[in-house]
Amino acid sequence: MLDNMPRGTICIEDIEMGMTRHLRKTVTDRDIEMFAEVSTDHNPVHLDDAYAQDTIFEGRIAHGMLTAGLISAVIGEQLPGHGTVYMGQSLKFLGPVRPGDTVTAEVEVIGIDHAKRRVQLETRCTVDGKKVLIGEATVLAPSRKFD
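Everything quoted here is computed from the prediction, not taken from an experiment.

Each value, and the rule that gives it
Residues numbered from 1 in each chain as written. Predicted model: local features only at pLDDT ≥ 70, side-chain atom pairs only at ≥ 80, totals over all residues. Heavy atoms only, no water. Salt bridge = Lys/Arg side-chain N within 4 Å of Asp/Glu carboxyl O. Helix = DSSP H or I, 4+ residues; strand = E, 2+ residues; numbered from the N terminus. Buried < 20%, exposed > 50% of the residue type's maximum accessible area, 1.4 Å probe, protein only. Pairing = 2+ DSSP bridges.

Undergrad: Can you walk me through the pattern of salt bridges in this structure?
TA: Side-chain pairs of opposite charge can arise where the charged atoms are in close proximity. All told, the structure shown has 8 salt bridges when counted by the stated rule. With a shortest N-O distance of 3.1 Å, Arg124 and Glu106 are connected by a salt bridge. Here the residue Arg124 occupies a position in strand E4 (residues 118–127), and Glu106 occupies one in strand E3 (residues 102–113), the gap between them amounting to 18 residues. Exposure remark for Arg124: the relative accessible area of 12% places this residue in the buried category. Through salt bridges that share partners, Glu106, Glu108, Glu122 and Arg124 make up one connected network.

In structure tokens, the structure reads:
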């Protein structure tokens, strides 16, 4: 990771509308191979140069869920951070991520329910400023009162 912001926890009591956190990561061939191994998704569009050349992408691409996993990293490490529980996530894939691309994954607080400790986050990933993934997440944030 290139400029992952400080890790830790932001408790529900300290979360504010509009807060953002992000990380940047260059996706490598090794990342794609490891994701294929862990997920058991060995689609040749991710792993086989010759096969992928004949697809609409005209080359290999990273798994979409590998890119989405970077959103999970921001949520689990930064905002809200350690102790956060994922409740839901919507995703829309807008463009491919290729080996060697540097992805910026960002989350922004768009809703807070203090009584239920729920936080709504706008989620997005970009490559060279172009959106490749957008969505929204709902998470259960940690609280100083209970954790």
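Undergrad: So what exactly am I meant to see when it comes to the pairing of E4 here?
TA: Here E4 lies mainly inside the structure; 7 of its 10 residues are buried. Inspection of the sheet shows E3 paired to E4 by 10 bridges, in the antiparallel sense. Looking across to E4, one finds that Val103 is bridged to Val127. Taking the residues that link successive antiparallel strands as the turn, the E3-E4 hairpin has 4 residues, and the phi of Arg117 there is positive, at about 60 degrees. Note that E4 and strand E5 (residues 130–140) share 10 bridges and pair antiparallel. Its bridge partner lying in E5, Thr126 is registered against Lys131. Where E4 hands over to E5, the hairpin turn is made up of 2 residues, of which Asp128 adopts a positive phi near 50 degrees.

Undergrad: It is not clear to me how unusual backbone geometry should be interpreted in this structure. Could you clarify?
TA: For residues that are not glycine, phi is negative in most cases, and the peptide bond is trans in most cases. At the junction of Leu79 and Pro80, the peptide bond is cis and its omega measures out at 0 degrees in the coordinates. If you trace the backbone, Pro80 turns up in the loop between helix H4 (64–77) and strand E2 (85–93). Notably, Glu58 is not glycine yet its phi reads approximately 55 degrees, a positive angle. Of note, Glu58 is situated in the loop between helix H3 (49–53) and H4. Relative accessible area serves as the criterion here: at 57%, Glu58 is assigned to the exposed category. A positive phi is found at Asp128, a non-glycine position, where the angle reads about 50 degrees.

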